[in-house]
Amino acid sequence: MGPTRPPRGAQVQVTVDGATQAAWLGEPLVDVINRAQIELAQVCYHPQLGPIQTCDTCAVEIDGVVGRACGTPVQAGMVVRTQTNAARTAQRDAYDRIVANHDLYCTVCDNNNGNCTVHNTLGVLGIDHQTRPFQPKGFEKDMSNPFYRYDPDQCILCGRCVEACQNVQVNETLTINWEAEQPRVLWDGGKPIGESSCVSCGHCISVCPCNALQEKSMLGEAGLFTGIPLPVWNSAIDVVKGVEASAGLKPIMNVSEIESAARDRYIKKTKTVCTYCGVGCSFDVWTDERHILKVEPGLGHANGISTCVKGKFGWDYVNSEDRLTSPLIRDGDRFREASWDEALALVARRFTEIRAAKGPDALAFVASSKASNEEAFLVQKFARQVIGTNNVDNCSRYCQSPASKGLSLTVGIGGDSGTIKDIENASLVITVGSNTAESHPVLATRVKRAQKLGHTRVIVFDIREHELARRADEFHRPNPGTDFVWLAAVSKFILDNGLEDRDFLRERVNGLDEFRASIEEYTLERAERETGLSAATLEALARRIASEDRVCILWAMGVTQQCGGTDTSAAISNLLLITGNYGRLGTGAYPLRGHNNVQGASDMGAQPDAVSGYQKIDDPFAVQRHEREWGVTLRPERGLDNTQMIDAAIRGDLRALWITGEEMSLTDANANHLQEGFEALEFLVVQDLYFTNTARFADVVLPAAASLEKDGTFTNTERRIQRLYEVMPPLKGTKPDWQIYTAVAERMGHRWGYTHPAQIMAEIARLTPHFAGVSYDRLEGYDTLCWPVAEDGTDQPLLYTERFNFPDGKARLHTGEYRPRQQAPNDQFDLHLNSGRMLEHFHEGNMTFRVAGIAEKTPDAFVEISPELAAERSIQSGQWARLVSEHGAVRLQVLVTGRVSGNQVFVPMNARKAEDAVNRLTGSQGDATTNTPAYKDTRVRLDVLHDVGPNPLPATNPRWGHPTPQQGVEVERKWARPDYVFPGGLLPMHGDSLNARADALGADD
Ligand code: SF4
Ligand code: SF4
Ligand code: SF4
Ligand code: FES
């Protein structure tokens, strides 16, 4: 859990307070002391950050010399004493120096919740009086970020925030000006937070050991007395301070502890899983009724202390006034509110009528990749058992199906082959067509950290110079849609030059000869012509990949949303196979899943050709199992996928559609074509949180509950199944999706009888070999399982350690073919259109535009154009322009940046106005194997309009900031201050000068 720490050394023994302890050579001594459960102050130490060494409170005697337990690497035979007079004096002195920087007013502090390190350390050390009184520092509080504030007067200068920002999030915004007379934390070297490069990920706040960094949603809300008006609050602090002067700290601390305990009566802390992207961050949500006080990460397997702005602060949408709170039924051109009874009865009646009149295949169902596994399972159960059709799909059709297919063809399982731990441990990470830092922010932090700490080399292939591209050791910009070619050419070079892993190929892989023949024509010279990357570059790349010990390849929609998405995904897998990069720590294939549960929606069988666990609908064992469990026979004919559903509706073959939690009208390609399909339907049911653009076409709109309002499980990109618990009850008038399906099924004669999602998971486990051992008991709290899970509960975070998922256990090299762009720019449409996510927004933006702070910093979409194009057409940022394709037109403001080049333009997927969504422009061509639309294969022209407005990215957007990279806190600069002495009045202690100090001090007491 949490970011990578240095690998452990050999096992050794040390003595701590007279007892022998097992330890690892080189690990921080404080870890040994903590494992032994010996109470020791350690204010700046956080296990996920590692030693920072700024506070000195962890002073202990090591072989007779007082030193920092966190900053001392274990050596064999060390003798450590934590409670000698010298150590205690140093600990207390260190703490006294810290609280001289901090106004102790715990009783009226919003952070007084039992987990304040500064408060708790006071108790650990039994301190009753401050000898160095607090003096205000003369800085204002910084309130300029919409989500959090910094109070310099409360800042103890521990540097945890700096370490987190520099070396975990690697946004490199924070520093401490150690040389200043009064140091403080700085954003971009001294900017207001709101004008800095801060991306509001929240790492710094989550690790701050006190209230110096605090979520604004906590201020005045968490404590019994913290919401009182400012003059009264200030007087309360004066009273508290007055008592301390006369009676010492203990009585005050006793009162504050009583106050803190009283908060448990109204502050609820509930574990959930993020509802946005496929990284699958989990955290506790603190609430007081429906008010979200804060999100606290720490224990999640995928994320530890990490979040991005969406998971940490993106929750306003749950309590948005726009939430639907009543079913709606179409009445001519309008909608009227209806009772649940009436709406559900209407849905059941119309489905029954249409099935009777046109057969089961006249109905289709779209599951939500944002809903839970249990809910996706029920959608396909509803389609197959209640209706009798395989017309069921989910939005992985729009992004991930080609990657899943490419992996199924080569290694047998259509999911990531390992976990984030593997990616962190790779010696080389290659990303292809993935804006990882914006689309999978927390996963990207691990790549950035591993690179910054020197463990990993990063090579990025993309047509756009996004953040990870800028940071990469190598950034390559192939021509759009040509990834297959360089992958094939690099593979050929490796094989032609004997650089392949022969043992691995011989023992674990089939199809080498056919594969070799299939890539015969992909010489480096041909690749140079097609991709624009030089033959020398590709040769160097081939040699590097072949020589690296552990290679991971990450890819996303830049690969999959092309006409050859499946074959390119398989080509990535082929390259990993010929170089032996599967089945070991730090290796493998990672198609990064977009939605929080897009992996789960497919795993659960919301697909037209497979039931849960990718069991084919004509697999005799699956048929048998489902017959026994559901009492119906699975039909063997593949159903319609999302794309085919719309075509069938336009043809008149599909009459009814039920869409759950999917803004299909804006996220499918060719939005105008989609609209035509919706209008052709006889009956459309839309289930969502809001009256979405898709809902405009509905006959019945059902108000769903949000993820915070229900129990269930999500499966992240690692195949990691994680539980979410109900943080707050469903908003009045809404229902969780699983209850809605259950209610309609019952009205259609199928009494499922579920009263809790745990029962659905039990059914999933009975029907699905990959989920045989999955149960809610095994997923309690922060426990997780990475499927496949055996009946005894053994899971497989890293796949293919011994076998690939084919009958003979061997992988299969795939012989694919290159499918060039169909829509390369021409005379009429001279620009290549690229689209994708932005860090702050998710997908079309229905949820994130409802988060005030996000909308303030990133208010709308734009079209990003290159400086070359801007110069050629005399366009400036802020100018309005119309982008026109063969399929539609949108009106957007221009943003000129160096991220795009030449005649390529980029439009984010999020759009405030449905009429300007980028998918008005995309066409209907798609991946030959999976029908995934080739969104990234679109040509457009740009008509410049006369209006000019302000820059579409406001000055407060972090992209305008100027980060200040450095190697962490740089505590040596603190130690070099003339006023710094090691606590206890001893000599300054620098780095590893333990021995010198020992000599200077002589023997211990
Ligand atoms: S980017 Fe901003 S929120 Fe994230 S750690 Fe850095 S300063 Fe804190
Ligand atoms: S703001 Fe940073 S340096 Fe100050 S107390 Fe919090 S984590 Fe430590
Ligand atoms: S959006 Fe993704 S990276 Fe951000 S907190 Fe949620 S799961 Fe984590
Ligand atoms: S905990 Fe060791 S110096 Fe702060």
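Fair warning: this is a prediction, and the values are worked out from it, not measured in the lab.

**Side note on the domain arrangement of the protein**
Right, on to step 1. Once the domains are mapped, the protein shows domain 1 (1-99), domain 2 (270-319), domain 3 (328-399 + 597-781), domain 4 (404-591) and domain 5 (831-949).
Right, on to step 2. Contacts between the two partners involve five residues from domain 1 and, on the opposite side, six residues from domain 2.
Right, on to step 3. Of the roughly 410 Å² buried at the junction of domain 1 and domain 2 (both faces included), carbon and sulfur atoms supply 67%.
Right, on to step 4. Taken together, domain 1 and domain 2 are joined by zero salt bridges.
Right, on to step 5. Where domain 1 packs against domain 2, one counts two residue pairs in polar contact (both at pLDDT 80 or more).

**With respect to the nonpolar core**
Right, on to step 1. Ranked by internal contacts, the top residues of the largest apolar core, which has 112 residues, are Phe351, Phe365, Phe382, Tyr582 and Trp658.
Right, on to step 2. The biggest single contributor to this core is helix 16 (residues 483-496), with 10 residues.
Right, on to step 3. Inspection of this core shows a minimum of three residues originating in each of domain 3 (328-399 + 597-781) and domain 4 (404-591).

**Considerations on the packing of aromatic side chains**
Right, on to step 1. Inspection of the entire model under this criterion finds 28 aromatic pairs.
Right, on to step 2. Here tryptophan 752 and tyrosine 754 contribute two aromatic rings whose centre-to-centre distance is 5.8 Å and whose plane-to-plane angle is 55°, an arrangement assigned as tilted. Each member of the pair, tryptophan 752 as well as tyrosine 754, carries the same accessibility label: buried.
Right, on to step 3. A cation over a ring is seen here: lysine 294 above tryptophan 286, with NZ or CZ 4.3 Å from the ring centre.
Right, on to step 4. Stacked on the ring of phenylalanine 683, the Lys or Arg arginine 350 has its end atom at 5.5 Å from the ring centre.

**Quick notes on the UniProt feature "domain: 4Fe-4S His(Cys)3-ligated-type" (unreviewed entry) in the protein**
Right, on to step 1. Under the local residue numbering, the UniProt record ascribes the feature "domain: 4Fe-4S His(Cys)3-ligated-type" (unreviewed entry) to residues 86-126.
Right, on to step 2. Strand forms 0% of residues 86-126 and helix 56%; the C-alpha atoms that close the span are 16 Å apart.

**Regarding the site of ligand 2**
Right, on to step 1. With respect to spatial proximity, 14 residues lie near ligand 2, and among them Cys155, Cys158, Gly159, Cys161 and Cys208 are the closest.
Right, on to step 2. In terms of residue class, the shell around ligand 2 is built from 12 nonpolar, one polar and one charged.

**Observations regarding the pattern of salt bridges**
Right, on to step 1. Scanning all chains against the criterion turns up 62 salt bridges.
Right, on to step 2. Note that arginine 35 and glutamate 27 form a salt bridge whose closest N and O atoms lie 2.7 Å from each other.
Right, on to step 3. Ionic pairing is found between aspartate 943 and arginine 941, a salt bridge with its closest N-O pair at 3.1 Å.
Right, on to step 4. For aspartate 943, a relative accessible area of 25% puts it in the partly exposed group.
Right, on to step 5. Under the relative-accessibility criterion, arginine 941 is labelled partly exposed at 26%.

**Remarks on unusual backbone geometry**
Right, on to step 1. For the bond from tryptophan 787 to proline 788, the omega torsion is 5°, close enough to zero to count as cis.
Right, on to step 2. The residue proline 788 is located in the loop between strand 30 (785-786) and strand 31 (811-812) in this model.
Right, on to step 3. Despite not being glycine, glutamate 172 has its phi angle at roughly 60°, a positive value.
Right, on to step 4. Even without being glycine, glutamate 289 reaches a positive phi, approximately 55°.
Right, on to step 5. As for its placement among the helices and strands, glutamate 289 is situated in the loop between strand 11 (282-288) and strand 12 (291-297).
Right, on to step 6. The exposure class assigned to glutamate 289 is exposed, which follows from its relative accessible area of 67%.

Criteria and thresholds
- Residues numbered from 1 in each chain as written.
- Chains lettered and ligands numbered in written order.
- Predicted model: local features only at pLDDT ≥ 70, side-chain atom pairs only at ≥ 80, totals over all residues.
- Heavy atoms only, no water.
- Domains from an automatic or database assignment.
- Contact = heavy atoms within 4.5 Å.
- Buried area = accessible area lost by both parts, 1.4 Å probe.
- Salt bridge = Lys/Arg side-chain N within 4 Å of Asp/Glu carboxyl O.
- Polar contact = N/O pair within 3.5 Å; in protein donor to acceptor, adjacent residues only side chain to side chain.
- Core = buried A, V, L, I, M, F, W, Y, C linked by side-chain atoms within 4.5 Å.
- Buried < 20%, exposed > 50% of the residue type's maximum accessible area, 1.4 Å probe, protein only.
- Helix = DSSP H or I, 4+ residues; strand = E, 2+ residues; numbered from the N terminus.
- Phe/Tyr/Trp six-rings, centres within 6.5 Å; stacked < 30°, edge-to-face > 60°.
- Lys NZ or Arg CZ within 6 Å of the ring centre and 35° of its normal.
- UniProt positions renumbered as here; feature names shortened; annotations may be inferred.
- Near = heavy atom within 4 Å.
- Nonpolar A, V, L, I, M, F, W, Y, C, P; charged D, E, K, R; others polar.

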